[in-house]
Amino acid sequence: ASEGGDTKFYDGPGGPGTGATVDLLDVNKNVINTFTVVIYGDVNGDANIDSGDASVLVDRENYIGTWNPSTDAHYIIAADVNGDGNIDSIDAGILVDCELYVSIIDQTTGLAEPY
């Protein structure tokens, strides 16, 4: 076990949710590693799962904007909440269900389940 290390949190483009980063620091405050936050269902980075995220998914499905598989991988991972390998209106519907307390997304598996 190490002692004296620290972490440093940075908001992402949308805020404190998906896309935010956490630096792991050693005792001398040097960055050991950087992790990107993924909140399954939060695809706009505001740390909430709601119709705003559903709207982003509908836009992506309709080719209004795209995600780069390399630089936006965290959003792609957060988006497929039914685990079928596609990001589409089904995922968007699940996010609306979460806002309505019909479904909840298990943050361990990334999959939706009944509330």
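Residues numbered from 1 in each chain as written. Predicted model: local features only at pLDDT ≥ 70, side-chain atom pairs only at ≥ 80, totals over all residues. Heavy atoms only, no water.

Draft legend 1. Molecular detail of the sheet that holds strand β3 (residues 31–36). On the basis of which strands lie adjacent, the open sheet formed by 3 strands has the order β1-β2-β3 and antiparallel pairing. Across the chains shown, the open sheet's two edge strands, defined by having one partner strand only, are β1 (6–10) and β3. Averaged over all pairs of adjacent strands, the angle between strand axes in this sheet comes to 20 degrees, irrespective of strand direction. Where strand β2 (residues 21–25) meets β3, 5 bridges bridge the pair, whose relative direction is antiparallel. (Pairing = 2+ DSSP bridges. Helix = DSSP H or I, 4+ residues; strand = E, 2+ residues; numbered from the N terminus. Axes fitted to C-alpha atoms, helices over the stretch in contact; angles between N-to-C directions.)

Draft legend 2. Region of the structure containing the side chain of Asp 72. Note that Asp 72 resides in the loop between α1 (51–61) and α2 (73–79). No salt bridge is formed by the buried Asp 72, whose closest oppositely charged neighbour, Arg 60, lies at an N-O distance of 6.5 Å. Beyond its immediate stretch of four places on either side in the chain, Asp 72 contacts Thr 66 and Trp 67. (Buried < 20%, exposed > 50% of the residue type's maximum accessible area, 1.4 Å probe, protein only. Lys, Arg positive; Asp, Glu negative; His and termini not counted. Salt bridge = Lys/Arg side-chain N within 4 Å of Asp/Glu carboxyl O. Contact = heavy atoms within 4.5 Å.)

Draft legend 3. Structural context of the environment of Ile 76. Looking at the secondary structure, you find Ile 76 in helix α2. You can call Ile 76 partly exposed: its relative accessible area is 30%. The spacing of Ile 76 and Gly 41 is 35 residues in sequence and 9.8 Å in space, taken between C-alpha atoms. Setting aside residues no more than four positions away along its own chain, Ile 76 makes contact with Trp 67, Asn 68, Pro 69 and Ile 87.

Draft legend 4. The packing of α1 against helix α3 (residues 89–99), seen in detail. Contact pair α1 / α3: the axes reach a minimum separation of 8 Å and the direction vectors enclose 175 degrees. Of the possible angle classes, the one that applies to α1 and α3 is roughly antiparallel. Across the interface between the two elements, Ser 51, Asp 53, Ala 54, Leu 57, Val 58 and Glu 61 of α1 pack against Ser 89, Asp 91, Ala 92, Leu 95, Val 96 and Glu 99 of α3. Residue classes in the contact of α1 with α3 are distributed as 6 nonpolar, 2 polar and 4 charged. (Parallel < 35°, antiparallel > 145°, perpendicular 65-115°, else oblique. Nonpolar A, V, L, I, M, F, W, Y, C, P; charged D, E, K, R; others polar.)

Draft legend 5. Up close: the packing of aromatic side chains. For the structure shown, the criterion picks out 2 aromatic pairs. Relative to Tyr 75, the ring of Trp 67 lies with its centre 6.0 Å away and its plane at 15 degrees, an arrangement referred to as stacked. Across the pair, exposure class does not vary: Trp 67 and Tyr 75 are buried alike. Note on Tyr 101 and Tyr 115: the rings are 5.7 Å apart at their centroids and 70 degrees apart in plane angle, and the pair reads as edge-to-face. Separated by 14 residues along the polypeptide, Tyr 101 in the loop between α3 and β4 (103–105) and Tyr 115 in the segment after β5 (112–114) bring together distant segments of the chain. (Phe/Tyr/Trp six-rings, centres within 6.5 Å; stacked < 30°, edge-to-face > 60°.)

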